[in-house]
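# Geometric and topological summary
One-letter residues, chain by chain:
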Amino acid sequence: MTGSKKARAAARLAAVQALYQFEMEATPLPSLLDEFHRHRLGMEIDEDRYAQAEVAFFDDVVKGTIARCEEIDELLTGKLAQGWSLTRLDKTMLQILRAGAYELLARADVPAPAAISEYVDVAHAFFEPREAKFVNGVLDAVGKAVR
């Protein structure tokens, strides 16, 4: 993986973590971004090295996902299987889907297959292969709807 690809991948993973924190703790957006800029992106915490992330991309995904959350949630709800709702999803899973949907909606500079693949990779960091396939299916449906 090239340096810029790694930086984008790190930004996506950090964005999902930031969105999770925003959802669970209602951390004000400026404080949240500042915390990630100063303490998480490219830093070492408890001997875990966080990969250098593309900060502007991270900021866009986090801010854009939060700003368009209602639109994104409506889009995602329409792509879930009958009987499923966003409230039934694991909170981390929901943030992965939201960030991926935002990228598909708003980042025309990122090819849809690349965005989907990257968020499937993020899902693999937290979940079993079955859940990663779920991310793939939902984001693929979102991509077909918005691109």
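Residues numbered from 1 in each chain as written. Predicted model: local features only at pLDDT ≥ 70, side-chain atom pairs only at ≥ 80, totals over all residues. Heavy atoms only, no water.

Once that is clear, we can look at helix α4 (residues 69–77). For α4, the full list of buried residues reads Ile72, Asp73, Leu75 and Leu76. Along α4, the residues classed as buried sweep out an arc of 160° about the axis, all on the same side. Exposed side chains of α4 directed beyond 90 degrees from the buried face belong to Glu70 and Glu74. In the core, the buried residues of α4 are packed alongside α3 (55–67), α5 (91–106) and α7 (129–146). (Buried < 20%, exposed > 50% of the residue type's maximum accessible area, 1.4 Å probe, protein only. Helix = DSSP H or I, 4+ residues; strand = E, 2+ residues; numbered from the N terminus. Arc of directions from axis to C-beta. Contact = heavy atoms within 4.5 Å.)

So, on to the confidence of the model for the chain. In the predicted model, the chain carries a mean pLDDT of 91, and 91% of its residues have values of at least 70. Put simply, strand β1 (residues 44–45) is where the chain has its lowest mean pLDDT, 48, and α5 is where it has its highest, 98. (pLDDT = per-residue confidence, 0-100.)

By the definition in use, this model includes 12 salt bridges. Where Glu54 meets Arg8, a salt bridge forms, and the shortest distance between an N and an O atom there is 3.1 Å. With Glu54 in the loop between β2 (48–49) and α3 and Arg8 in helix α1 (residues 3–25), this residue pair connects regions lying 46 residues apart in the sequence. Residue classification places Glu54 among the partly exposed positions, given a relative accessible area of 27%. One salt bridge in this structure joins Arg130 and Glu131, with 3.9 Å as the shortest N-O distance. Residues participating in the shared-partner salt-bridge network are Arg8, Glu54, Asp60, Arg107 and Asp109. (Salt bridge = Lys/Arg side-chain N within 4 Å of Asp/Glu carboxyl O.)

What follows concerns the environment of Val135. Positionally, Val135 belongs in helix α7. Separated by 14 residues in the primary sequence, Val135 and Asp121 have C-alpha atoms spaced 9.6 Å apart.

Phe58, Val62, Leu76, Ile96, Leu97, Tyr119 and Val135 are the most contacted members of the largest nonpolar core, which has 44 residues in total. Going through the elements one at a time, α1, α2 (29–39), α3, α4, α5, α6 (112–126) and α7 are the ones with two or more residues in this core. If one sorts the elements of this core by residue count, α5 sits on top with 8 residues. Filtering out sequence-adjacent residues up to four positions away, Phe58 remains in contact with Ala11, Ala14, Ala15, Ala18, Leu33, Phe36, His37 and Leu41. (Core = buried A, V, L, I, M, F, W, Y, C linked by side-chain atoms within 4.5 Å.)

Take α2 next. What α2 keeps buried is the set Leu32, Leu33 and Phe36. Down the axis of α2, the smallest arc covering the buried residues is 95°, so these residues share one side. Structural note: α2 exposes Pro30 and Arg38 on the side pointing more than 90 degrees away from its buried face.

Another aspect to go through is the packing of aromatic side chains. Across all of its chains, the model carries 2 aromatic pairs by this definition. Aromatic side chains Phe126 and Phe127 sit 6.4 Å apart centroid to centroid with 55° between the ring planes, which places their arrangement in the tilted category. Look at Phe127 and you get buried, because its relative accessible area is 17%. (Phe/Tyr/Trp six-rings, centres within 6.5 Å; stacked < 30°, edge-to-face > 60°.)

This part covers the packing of α6 against α7. Any two packed helices are characterised by the angle at which their axes cross and by the distance between the axes. Relative to each other, α6 and α7 sit at 155°, their axes nearing to 8 Å. Compared by their axis directions, α6 and α7 come out roughly antiparallel. Of the two possible hands of crossing, α6 and α7 adopt the one that is right-handed. Contacts from Ile116, Tyr119, Val120, Ala123 and His124 of α6 reach α7 at Pro129, Ala132, Val135, Asn136, Leu139 and Asp140. The residue inventory of the contact of α6 with α7, partitioned by class, reads 8 nonpolar, 2 polar and 1 charged. (Axes fitted to C-alpha atoms, helices over the stretch in contact; angles between N-to-C directions. Parallel < 35°, antiparallel > 145°, perpendicular 65-115°, else oblique. Left-handed = near helix turned anticlockwise from the far one by under 90°. Nonpolar A, V, L, I, M, F, W, Y, C, P; charged D, E, K, R; others polar.)

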